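# Structural description and commentary
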Amino acid sequence: MTTSDALARALPHTTIRVPDSRLAKEATELVRDSVGELLYDHSRRVYFFGSLQGRRLGVQADPELLYVAAMFHDLGLTEPFRSSGRRFEVDGADEARRFLRSHQVPEDSVRRVWTAIALHTTPGIPEHMEPEVALVTAGVEYDVLGIGYHDLAEADRAAVVALHPRPRFKERILRAFADGVAPKPGTAFGNVKADVLAHHVPGFERGDFVRLILDSPWAE
């Protein structure tokens, strides 16, 4: 039995499935071969939780695009994808773009996936954008932060976690964030990963936006 079949059994009242397409299967293989169990299971949960939130809100995303975006969203935390010196979200988004273009996916669809990944740690904006963008962030916020935790049925939540367990997830995902961003601490300026580095990297100093303005070369 496949994971999607198992989810369908656990949630017989839903139509949520992992897309049964070559694109989705190759995305699964690429991510599964590139990241550890922690990020693989997290990425799958993001897809399922994002899909469940979409169903609740009446937001209809393209399942294939949502799946690829969810699977690639943390790829930039890992080697060899994190060596560019850019924010990890951009590294993951660029890798997804390369993958989709290699499959001749239309450019508007590529743009949606790129944007969904690039903005998934920027709260307050994705929810106003295309469904794929909104629901990747909704899935991430649900799995990592518990935002909207009680909006989903307990049975649905338990079914997803049974398929993709989260042992010591809070501690382990924070460590993965720290390990992925610590080699390029400047990319944490102005975003939530500065909080992670402050807790996990001795000697890390936050950038100060006010100081940046006051110390700029402008006289006034």
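Description of the structure in this document.

Procedures and definitions
- Residues numbered from 1 in each chain as written.
- Predicted model: local features only at pLDDT ≥ 70, side-chain atom pairs only at ≥ 80, totals over all residues.
- Heavy atoms only, no water.
- Helix = DSSP H or I, 4+ residues; strand = E, 2+ residues; numbered from the N terminus.
- Contact = heavy atoms within 4.5 Å.
- Phe/Tyr/Trp six-rings, centres within 6.5 Å; stacked < 30°, edge-to-face > 60°.
- Buried < 20%, exposed > 50% of the residue type's maximum accessible area, 1.4 Å probe, protein only.
- Lys NZ or Arg CZ within 6 Å of the ring centre and 35° of its normal.
- Axes fitted to C-alpha atoms, helices over the stretch in contact; angles between N-to-C directions.
- Parallel < 35°, antiparallel > 145°, perpendicular 65-115°, else oblique.
- Left-handed = near helix turned anticlockwise from the far one by under 90°.
- Nonpolar A, V, L, I, M, F, W, Y, C, P; charged D, E, K, R; others polar.

### A closer look at the environment of Val 144
Inspection of the secondary structure assignment puts Val 144 in helix 7 (residues 131-145). Linking Val 144 and Phe 169, residues 25 residues apart in sequence, is a C-alpha distance of 8.5 Å. If we skip the residues at most four places from it in the chain, Val 144 touches His 42, Phe 169 and Phe 177.

### Side note on the packing of aromatic side chains
As enumerated under the stated definition, the model contains five aromatic pairs in all. Centroid distance Tyr 47 to Tyr 67: 5.1 Å. Interplanar angle 90°. Geometry classified as edge-to-face. Of the two residues, Tyr 47 is situated in helix 3 (residues 37-57) and Tyr 67 in helix 4 (residues 63-72); the sequence distance between them amounts to 20 residues. Overall, Tyr 47 belongs to the buried group, its relative accessible area being 2%. In this structure Tyr 67 comes out as buried when scored by relative accessible area, which is 0%. Ring geometry for Tyr 142 versus Tyr 149: centroids 6.0 Å apart, planes at 15°, classification stacked. Using a relative accessible area of 3% as the deciding quantity, one classes Tyr 142 as buried. The positively charged end of Arg 45 is found above the aromatic ring belonging to Phe 169, 4.7 Å away from the centroid. For Arg 157, the ring lying beneath its charged end belongs to Tyr 149, and the centroid distance is 3.9 Å.

### Observations concerning the packing of helix 5 (residues 88-102) against helix 6 (residues 107-118)
Relative to each other, helix 5 and helix 6 sit at 160°, their axes nearing to 8 Å. In terms of axis orientation, helix 5 runs roughly antiparallel to helix 6. Between helix 5 and helix 6 the crossing geometry is right-handed. Along the contact surface, helix 5 presents Glu 89, Val 90, Gly 92, Ala 93, Asp 94, Ala 96, Arg 97, Leu 100 and Arg 101, while helix 6 presents Glu 107, Val 110, Val 113, Trp 114, Ile 117 and Ala 118. Partitioned by chemical class, the residues of the contact of helix 5 with helix 6 number nine nonpolar, one polar and five charged.

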